[in-house]
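Listed below, chain by chain, are the residues.
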Protein chains: 4
Amino acid sequence: MANRIPRTSGEFVQTYSSIRKRTQELCQPLETEDYCAQPIPEVSPPKWHLAHTTWFFETFLLLDRVPNYRVFDERYAALFNSYYNTLGTPYPRPERGALTRPLVREVYEYRNHVDQAMVEMLAKPLSAETVDRTLLGLNHEQQHQELLLMDVKFILGKNPLRPQYREGLSQSECSRVNGLTYSGYEGGVVTVGASPEESGFCFDNETPVHQVFLQPFELADRLTTNGEYLDFIREGGYEKPDLWLADGWNEKCQRGWNAPEYWNKTDGAWTEYTLAGERQLDLSNPVLHVSLYEADAFARWAGGRLATEFEWEHAATCNGCAENDDHNASEFLHPSPALSIQEPSQLIGECWEWTSSSYAPYPGYRPADGALGEYNGKFMANQFVLRGGSCGTPSGHIRSTYRNFFYPHDRWQFSGIRLARSVD
Amino acid sequence: MANRIPRTSGEFVQTYSSIRKRTQELCQPLETEDYCAQPIPEVSPPKWHLAHTTWFFETFLLLDRVPNYRVFDERYAALFNSYYNTLGTPYPRPERGALTRPLVREVYEYRNHVDQAMVEMLAKPLSAETVDRTLLGLNHEQQHQELLLMDVKFILGKNPLRPQYREGLSQSECSRVNGLTYSGYEGGVVTVGASPEESGFCFDNETPVHQVFLQPFELADRLTTNGEYLDFIREGGYEKPDLWLADGWNEKCQRGWNAPEYWNKTDGAWTEYTLAGERQLDLSNPVLHVSLYEADAFARWAGGRLATEFEWEHAATCNGCAENDDHNASEFLHPSPALSIQEPSQLIGECWEWTSSSYAPYPGYRPADGALGEYNGKFMANQFVLRGGSCGTPSGHIRSTYRNFFYPHDRWQFSGIRLARSVD
Amino acid sequence: MANRIPRTSGEFVQTYSSIRKRTQELCQPLETEDYCAQPIPEVSPPKWHLAHTTWFFETFLLLDRVPNYRVFDERYAALFNSYYNTLGTPYPRPERGALTRPLVREVYEYRNHVDQAMVEMLAKPLSAETVDRTLLGLNHEQQHQELLLMDVKFILGKNPLRPQYREGLSQSECSRVNGLTYSGYEGGVVTVGASPEESGFCFDNETPVHQVFLQPFELADRLTTNGEYLDFIREGGYEKPDLWLADGWNEKCQRGWNAPEYWNKTDGAWTEYTLAGERQLDLSNPVLHVSLYEADAFARWAGGRLATEFEWEHAATCNGCAENDDHNASEFLHPSPALSIQEPSQLIGECWEWTSSSYAPYPGYRPADGALGEYNGKFMANQFVLRGGSCGTPSGHIRSTYRNFFYPHDRWQFSGIRLARSVD
Amino acid sequence: MANRIPRTSGEFVQTYSSIRKRTQELCQPLETEDYCAQPIPEVSPPKWHLAHTTWFFETFLLLDRVPNYRVFDERYAALFNSYYNTLGTPYPRPERGALTRPLVREVYEYRNHVDQAMVEMLAKPLSAETVDRTLLGLNHEQQHQELLLMDVKFILGKNPLRPQYREGLSQSECSRVNGLTYSGYEGGVVTVGASPEESGFCFDNETPVHQVFLQPFELADRLTTNGEYLDFIREGGYEKPDLWLADGWNEKCQRGWNAPEYWNKTDGAWTEYTLAGERQLDLSNPVLHVSLYEADAFARWAGGRLATEFEWEHAATCNGCAENDDHNASEFLHPSPALSIQEPSQLIGECWEWTSSSYAPYPGYRPADGALGEYNGKFMANQFVLRGGSCGTPSGHIRSTYRNFFYPHDRWQFSGIRLARSVD
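For every chain, the first residue of its written sequence is number 1, and the numbers climb from 1 along that sequence. Chain letters start at A and ligand numbers start at 1, both assigned in the order the entries are written. Side-chain atom pairs in this predicted model are given and counted only at pLDDT of 80 or more, local residue features only at pLDDT of at least 70, and totals for whole chains, interfaces and linings cover all residues. Values shown for side chains rest on all heavy atoms present in the structure; no hydrogens or waters enter the calculation.

Moving on, we get to the overall build of chain A. Check the secondary structure of chain A and you find 11 helices and 13 strands. Within these notes, the globule rule equals 2.2 Å times the number of residues to the 0.38 power, and the radius of gyration is based on C-alpha atoms. Over its C-alpha trace chain A gives a radius of gyration of 21 Å, about what one expects of a compact globule, namely 22 Å for 424 residues. Overall, the C-alpha framework of chain A stretches about 65 × 50 × 40 Å when taken along its three principal axes. For each residue, the accessible area found with a 1.4 Å probe, counting protein chains only, is set against the maximum for its type, and the residue is called buried under 20%, exposed over 50%, and partly exposed in between. Within chain A, buried positions represent 62% of all 424 residues. The long-range fraction of contacts in chain A, counting pairs at least 24 apart against all pairs at least 6 apart in sequence, stands at 79%. Accessible surface, chain A: about 16,000 Å² in total, of which carbon and sulfur atoms supply 48%. Each helix is a run of H or I in the DSSP string that is no shorter than four residues. Each strand is a run of E no shorter than two, and both are numbered from the N terminus. The contact criterion used throughout is that any non-hydrogen atoms of two residues lie within 4.5 Å. All accessibility values rest on the Shrake-Rupley procedure with a 1.4 Å probe; residue burial counts only the protein chains present in the view.

Dropping the structure here:
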């Protein structure tokens, strides 16, 4: 678990190795060809993820702190820099798919080279900052594990041949879900956010712990289902501008959206591409791969709204989700229908839940000094916060204070909808 | 004053007529040619403003509520609809400048036709909703008075001939302003927002009144000056990506920004176009026409940050700005240097102050039913809130709860910077 | 007539004055507003045409050759330079519509100022080069007379109010035209092109006279009619990619073309906007305002092809069109149906006939030295030649060697179709 | 040799097999990753070329003419259709690089499957049309062999790691070339074009044989060298708009061109990427990878012009290049310096020579019926003809009547410059 701090060198090496190995396991089902494509600028080639996460350790730890470290290839410094302008001009993001070299096997060699040096370093006594950076690197790696799944899904799911990602993915059984119920929360001054002291590890964008004032509100006890979303479509949800944010309506028109990403309609029947392949739309499953604009329009149509990120966090805390939840969605790499219980469910690890909060710094937020200060802070405009983790989030990587963020038009992440309501 | 509710029919007619007349007074210095241009999609031709505000009264009052009203020209329904999709497809915004017809004089005839019918209507007993809509129409007209000044400034200020808007605009005297000081606020649970019951008139986006929790903070006692901003430029503010939001840096690069809008550098000397014409940059004047991105980068460089909209509102309330402030910036149509006093100044009526808050609905916010529900709510994404009114805001139209909003890259509004700081 | 060389000073002054006056007559029906719009980058505001043609005389004659000439406004040098890079950076073309200043009346003052100086100059003995440049300036002015009509038509015809250009435009009577017949030409080595020595005046792109080899061919005796083009539409011409050039099909799809420019379909009936206003489509009239791509697709559908520019020129010469033809289409500012005669008709002055020839230099072509060398030569790529002049071409300005040129997607010029056929 | 018609079944099978095998030999040095990238829309992934050429035989021969042919994968019909709209909607060209599947090995299986069926078919008696289509398919395959080299060069040459295509490529020795001399041609009526009857095989765009009239002209005896082009650069060729076509100047500015494609300047020294890797610029080598715009600007600067395609063809014929020339540039995959002889050299097989002729149908040109009619004809607009074949053209595939064509801004083909002059 990346947010538990290892207590011994041995434990640290083991944590490091297992997380690094996990990334490669995720790539194991891929063919060489699958490693290289970038169908849209947002989707990076899997090969790039493998190299970039390695670059992170090389740049922020080995080059910085290990005296005799021999750099693997100097030209990778620019090639696999994602967006750290302080470190020089990164290779242009939209052109990552053009890089047939280095080869996949060379990237794996790069990983081995860096891993060896990291393991050596971790076996020695470490300064507090080295520990912190290594933990950051591991959590960064886990973020890219999910990005990798998102990107692989896009690469395969948009291919007309619709190959599956791998065999043997479990599939949730179709079942009827209960009608939607809500739980109420009283609001008032509540505490949100995280601190590394208390949480073991957290990203700087979750800090500092602070207080916010909430009005009374209600939160749906489960996620919105495909069936409910289909009703929205059938009742003209994509044709009524008054349901949409103005920018959302423009995006919808320009991009020709008429259903979530990965939904396909053939001969009148809806199917959905999942990492297990194309399959009939399961109406009881949570709706997945919607933009903020669609989530917002659906909520308006349904007579509700999205929750703010603090309402969500408060509810999650009240419901005991503060602890890491070892969700099993990762067996499926797809969310599952809600079990037929009344209390709040599916808060953690099914799909990222769009909130109505735009991504902004918490009061008193301080990014790190130097290049690592570019990790989170500079993205705090024009994006919206999503909460809760998804079926693609690594086990142990999620917590109730975790803030994910995407542009409101993004749909390729594992994003879904939970309704909220104000109480008059 | 548009946000004072007229008490008698006569008063109502007078308020209506004076506000409508004011719009035309603002156009009086224009030549026929100036009425028609749309140099960028955001800038509407002055003629269009004259017609659209008239369309508003015709559509939401006369056609809806006056039985025998004779429509002036049926084709205007689409032509001068700005963005109310519920009422049909508006004429495309970027093509407003292509409309050489109706002629300016025909638009004035349209205004007269509608004004006559409105005055007749207002002289009779009115339902509460008619009163509300009329007040909304008048406040809408005042918003367009400022938009009109913004757009005229762009039309004239981007013309290589640099014509002035009108003669006789007073000019603030150059003076030295004091060094920057801050006032502190304790924070806690504070009340923000407005209600029509208390405020006379307010927009729905200011409602409902609600509570928020603020951390202790400090707010600068005056606006950032041109001189301070020039230091930022000279110290490489436009060349250092680590000072900027990621999206801001991209915009800066793509648009080639290296100074605020309307600044020009000739032979090493900076000038600034104002509605009184091109003039030497006055270092003591507040910096004007910056984007959110520039304001944010400047604040980071200066070791501060922008205030949230609630910090701003709370400070304004504490400093007694809740009342309408009859600012005299309108004599200049340009902000003036801060007088040399220590307490907070320039909060109202100098320039719109960017806040770090993205434009979002207040808890419990309900847009109006029908087409008027499109007035504010659908823009609540991707924009940032600005507070305080400007030299272009009509007298009596501003209040401390007023929320203006623009995209973070917009610069043609009268926007400026006030620094804030967190208190550790 | 601009291509007759005036023999005396008096005649020269008169020619100059009458052509300059004609430009202003064409503007006489315009309202001030109409002078300023630029609905698409290709369409320049009428005010700009008035100023640019004046700039031409000021730049290439007065400033260059009249010692004490006082420049009207130095800033116009860049503002009204169209594309002469040798003379400095022209004001960006797509932003001409943003220029509300100089005012229309100031542009007329500019014209008067320059005309006065020109008339003075012309009254004195002139060098051969001054004569040549003045003739070029007058022919340039006449080209802009047609551009002005094209642009006015676009400005008014795309306005939803569909105002007419002026009252009193004659209208051709609807009549049945004869079925299409062809005339045959033997081909062989023929002479094409013009020389100033023989023609009085010609553009450099018509020179030098040279020989080309033509295969036997046939040319339609009249232009393609609206009725014939409507058949093409009704038989799916806009839906069959195999009829189209690849680039043409892409343009069609991207621009959403389904009929010629200015055709509108309301309640199942086709109308056509003309400078006399919107009117029912006259099936016997020549089809107008088609792109090269549409002309080419129509020809393929009809079992023919477009003529090369030399086939066209040879046929025109054979049919005695070498002389200036005082066409009367200018009464209508619209083409008229072919009279019921068998021999080739409508070759001159109805509409510009697309040829299959791309615009290229003749063998031995030499552009002028200096800035005037940019007049024609640098456009000799990516455009196609049109021949014959149109209803918008000034009387006396056209000849059978005249080469007009537009991009293959352009449709706002008065362009039409004449079929040709190869002879096996 | 693809343009020699095989006389026996055995010969046909052998020709087929050797050409098909050659394509795969060209791919042999590639890594799996290299097969998949599409750095710009014009550049197709090598894998796509392998599949598309196979699709050609499957579609136009096996499916059409072999009764029991079992299709390899029905979904390939759309996936590997390049641009034949008559056969359904092709998969979008700019998204070819997104197709990680089918895998490279699956594409090779596809090739084997089709080759087996083709060889079976070719062993039997064939109709004339089957022979013609097979020959077309083989010549099509050879065209893609060159496209493949072009695309591989772009994929590798734009990679910051600058990998070479393969080891063992010979390199021409640096040597001084002679000063430029010209040969003169008298012109008059000359015969151009090809006929399948005479040439064995030719593309339909080379037909029919016909006569053209040429003015006297001179053609340079060798290609323009890197050294000469460097002089153009050093004398400001890329900074002087008067040397350029208007559209060319715009392209240059927008694309930031300041040298041919693949030239790089490091520490003041020019290098050039070749398929043998990056190397110092050889001044005696022909300049390569220029656009038509650059070729045209260079020619103007040099006081010459480009030849028309008929001048070129006539000169090539006069110099005995009508026959297939077994050029050895393919050993280098790069052109070589001209040998020091005076007569015309380098006409065949060094680099494609831009002509000033836009790509247009010959008089009497008839495309094939059906889908194959889309092979050439629909591209006859907006492109320019290049002549002579290049170092990348397969041996035996070139002839003096061969017309290649690219857009004037294209630079990734092996294109160079030969000067011409008019004779006064």
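Residue and element names in this part refer to chain A. Among buried residues, the Ala, Val, Leu, Ile, Met, Phe, Trp, Tyr and Cys ones that are joined through side-chain atoms within 4.5 Å form a nonpolar core. By size, the foremost hydrophobic cluster in this structure holds 118 residues, and its most contacted members are Met118, Tyr165, Tyr229, Phe232, Trp263, Trp354 and Ile417. If one sorts the elements of this core by residue count, helix H5 (residues 128–157) sits on top with 11 residues. Look past the residues within four positions of methionine 118 in its chain and what remains in contact with it is Tyr16, Phe57, Leu61, Leu62 and Thr134.

Residue and element names in this part refer to chain D. Of note, asparagine 81 is situated in the loop between helix H3 (76–79) and helix H4 (104–122). At a separation of 3.3 Å, a polar atom in the side chain of asparagine 81 contacts the main-chain amide nitrogen of tyrosine 83. Ignoring sequence-local partners within four residues, the contact set of asparagine 81 consists of Trp55, Tyr76, Leu87, Gly88, Pro90 and Tyr91. Under this definition, polar contacts are N or O atom pairs within 3.5 Å; protein pairs additionally need one hydrogen-donor-capable and one acceptor-capable atom, and for neighbouring residues in sequence, both atoms have to be side-chain atoms.

Below, the discussion takes up the relation of the copies chain C and chain B. Between the two copies of this chain, the relationship is a rotation about some axis together with a displacement along it. C-alpha atoms of residues with pLDDT of at least 70 in both copies form the basis for the least-squares superposition of the copies. Superposing chain C onto chain B requires a rotation of 180 degrees together with a translation of 0.0 Å along the rotation axis, leaving an RMSD of 0.0 Å. The symmetry that links the two subunits is that of a two-fold axis. Every residue of chain C has its C-alpha some distance from the rotation axis, and the shortest such distance is that of C:Glu33, at 3.0 Å. A symmetric contact is evident, with 100% of the interface residues of chain C recurring at the interface of chain B.

Looking now at the interface of chain C and chain B. Listed as interface residues are 25 residues of chain C and, on the opposing side, 25 residues of chain B. Two parts lose some accessible area (1.4 Å probe) when they are put together, and adding that loss for both gives the buried area. Contact with chain B buries area across many residues of chain C, yet C:Glu33, C:Arg101 and C:Leu161 alone supply 32% of it, more than any other trio. Salt bridge, as used here: a side-chain nitrogen of Lys or Arg that lies within 4 Å of a carboxyl oxygen of Asp or Glu. Inspection of the chain C/chain B interface yields 4 salt bridges. Applying the counting rule to chain C against chain B returns 11 residue pairs in polar contact (both at pLDDT 80 or more). Taken together, the elements giving at least two residues each to the side of chain C that touches chain B come down to helix H4 (104–122) and helix H5 (128–157) of chain C.

For the pair chain D and chain A, the relating rotation is 180 degrees, the translation along its axis is 0.0 Å, and the fit reaches an RMSD of 0.0 Å. When you check the interface residues of chain D against chain A, 100% turn up at the interface there too, and the contact is symmetric in its surfaces.

Turning our attention to the pattern of salt bridges. Residues and elements named next belong to chain C. If you walk through the whole model with that rule in mind, you get 108 salt bridges over all chains. With a shortest N-O distance of 2.9 Å, glutamate 311 and arginine 305 are connected by a salt bridge. One salt bridge in this structure joins glutamate 353 and arginine 418, with 2.7 Å as the shortest N-O distance. Pair noted here: glutamate 353 is in strand S9 (residues 352–358) and arginine 418 is in the loop between strand S12 (415–416) and strand S13 (419–422), with a separation of 65 residues, a long-range link. Taken as a pair, glutamate 353 and arginine 418 share a single burial class, namely buried.

Moving on: the pairing of strand S13 (residues 419–422) of chain B. Residue and element names in this part refer to chain B. As paired strands, strand S4 (residues 217–220) and S13 are joined by 3 bridges and run antiparallel to one another. Residue pairing in the sheet places glutamate 218 in a bridge with arginine 421 of S13. Strands qualify as paired when DSSP identifies two bridges or more between them. Bridge count between strand S8 (residues 305–306) and S13: 2 bridges; the pairing is antiparallel. Across the sheet, the residue bridging to arginine 305 is alanine 420, located in S13.

This part takes up the packing of aromatic side chains. Here a Phe, Tyr or Trp ring, Trp counted by its six-membered ring, pairs with any other such ring whose centre lies within 6.5 Å, and the pair is stacked when the planes are under 30 degrees apart, edge-to-face when over 60, and tilted otherwise. Under the definition given, this model contains 148 aromatic pairs over all chains. Where C:Phe203 meets C:Tyr402, the ring centres are 5.8 Å apart and the plane angle is 90 degrees; that geometry is what we call edge-to-face. You can see C:Phe203 sitting in the loop between helix H6 (196–199) and strand S3 (210–214) and its partner C:Tyr402 sitting in the loop between strand S10 (384–387) and strand S11 (404–406), a full 199 residues away along the chain. C:Phe203 sits in the buried class, given a relative accessible area of 3%. Judged by its relative accessible area of 3%, C:Tyr402 falls in the buried class. With centroids separated by 6.4 Å and ring planes inclined at 25 degrees, the aromatic side chains of D:Phe379 and D:Phe405 adopt a geometry described as stacked. Taken as a pair, D:Phe379 in the loop between strand S9 (352–358) and strand S10 (384–387) and D:Phe405 in strand S11 (residues 404–406) lie far apart in primary sequence, 26 residues in all.

Across the contact, 25 residues belong to chain D and 25 residues belong to chain A. Summed over both partners, the interface of chain D with chain A buries about 2,300 Å², with 61% contributed by carbon and sulfur atoms. When the area that chain D buries against chain A is broken down by residue, the three leading residues are D:Glu33, D:Arg101 and D:Leu161, summing to 32%. The tally of links between chain D and chain A comes to 4 salt bridges. Here D:Asp34 and A:Arg101 are joined by a salt bridge, their closest N and O atoms 2.6 Å apart. Scanning the region where chain D abuts chain A turns up 12 residue pairs in polar contact (both at pLDDT 80 or more). For the side of chain D that touches chain A, the per-class residue count stands at 15 nonpolar, 4 polar and 6 charged. Here the nonpolar group is Ala, Val, Leu, Ile, Met, Phe, Trp, Tyr, Cys and Pro; Asp, Glu, Lys and Arg are the charged ones; every other residue, Gly included, is treated as polar.

Here we come to helix H7 (residues 226–234) of chain C. Residues and elements named next belong to chain C. Along H7, the residues that are buried comprise Asn226, Gly227, Tyr229, Leu230, Phe232 and Ile233. The elements touched by buried residues of H7 are strand S5 (263–266), strand S6 (269–274) and helix H9 (292–301). Looking one or two places after H7, you find glycine 236, whose phi comes out positive at around 85 degrees.

The next point concerns the pairing of strand S7 (residues 277–280) of chain A. Every regular strand shows the same layout, with side chains that alternate between the two sheet faces. Residues and elements named next belong to chain A. Relative to S7, strand S6 (residues 269–274) is paired through 4 bridges, and the arrangement is antiparallel. When the sheet's bridge partners are listed, threonine 271 is paired in S7 with glutamine 280. Between S6 and S7, which pair antiparallel and follow one another directly, the connecting turn spans 2 residues.

All right, on to the packing of helix H7 (residues 226–234) of chain B against helix H9 (residues 292–301) of chain B then. Residues and elements named next belong to chain B. The contact between H7 and H9 brings their axes to 11 Å, and the two run at 80 degrees. When the axis of H7 is compared with that of H9, the two are roughly perpendicular. Together, Glu228, Tyr229, Asp231 and Phe232 of H7 and Glu294, Ala297, Phe298 and Trp301 of H9 make up the contact between the two elements. Taken together, the residues of the contact of H7 with H9 break down into 5 nonpolar, no polar and 3 charged. Note on geometry: axes are C-alpha line fits, over the in-contact stretch for helices, and angles between N-to-C directions span 0 to 180 degrees. Reported orientations rely on four angle classes, namely roughly parallel under 35 degrees, roughly antiparallel over 145, roughly perpendicular from 65 to 115, and oblique for the rest.

When pLDDT is averaged along chain A, the result is 94, and 96% of the positions lie at 70 or above. On the interface metric, ipTM, the complex scores 0.95, and its pTM is 0.96. pLDDT is defined as a per-residue confidence score from the predictor, taking values between 0 and 100.

Residue and element names in this part refer to chain C. Here 4 strands make up an open sheet; going across it, the order is S11-S10-S9-S12 and the pairing mixed. The two strands at the open ends of the sheet, each matched to only one other strand, are S11 and S12. Of the pairings in the sheet, the one linking S9 to S10 comprises 3 bridges and is antiparallel in character. Each bridged residue has a counterpart across the sheet, and for serine 358 the counterpart in S10 is phenylalanine 384.

A few words on the state of the cysteines. Any two cysteine sulfur atoms lying within 2.5 Å of each other are counted as a disulfide. This model, assessed by the stated rule, comprises 0 disulfides over all chains. Unpaired in terms of disulfides, C:Cys27 finds its nearest cysteine sulfur in C:Cys36, a separation of 11 Å.

Strands sit in the order S1-S4-S13-S8 (chain A) across an open sheet of 4 strands; the sheet is antiparallel. Each of the sheet's edge strands pairs with one partner strand only, and the pair in question is strand S1 (182–185) and strand S8 (305–306) of chain A.

Residue and element names in this part refer to chain D. Of all 10 residues in helix H9 (residues 292–301), 8 are buried, a share of seventy percent or more. Every buried residue of H9 is listed here: Leu292, Tyr293, Glu294, Ala295, Asp296, Ala297, Phe298 and Ala299. At the exit of H9 stands glycine 303, carrying a positive phi of roughly 80 degrees.

Looking now at the environment of A:Thr271. Residues and elements named next belong to chain A. With respect to the helices, strands and loops of the structure, threonine 271 is situated in strand S6. A sequence separation of 10 residues divides threonine 271 from leucine 281, and the C-alpha atoms of the two residues are 4.7 Å apart. For threonine 271, the contacting residues outside a window of four places in its chain are Tyr262, Trp263, Asn264, Glu278, Arg279, Gln280 and Leu281. Of the polar contacts made by the side chain of threonine 271, one reaches the side chain of glutamate 278; its length is 2.6 Å.

Mapped onto the elements of the fold, C:Lys47 is located in helix H2 (residues 46–65). Notably, C:Lys47 is buried but unbridged: the nearest opposite-charge side chain belongs to B:Glu33, and the N-O separation is 5.6 Å. Of the polar contacts made by the side chain of C:Lys47, one reaches the backbone oxygen of C:Thr100; its length is 3.2 Å. Those residues in contact with C:Lys47, other than ones at most four positions away along the chain, are C:Tyr35, C:Cys36, C:Leu99, C:Thr100, C:Arg101, C:Pro102, C:Leu103, C:Val104 and C:Val107. For the purpose of charge, His is not counted, nor are the chain termini; Lys and Arg are scored as positive and Asp and Glu as negative.

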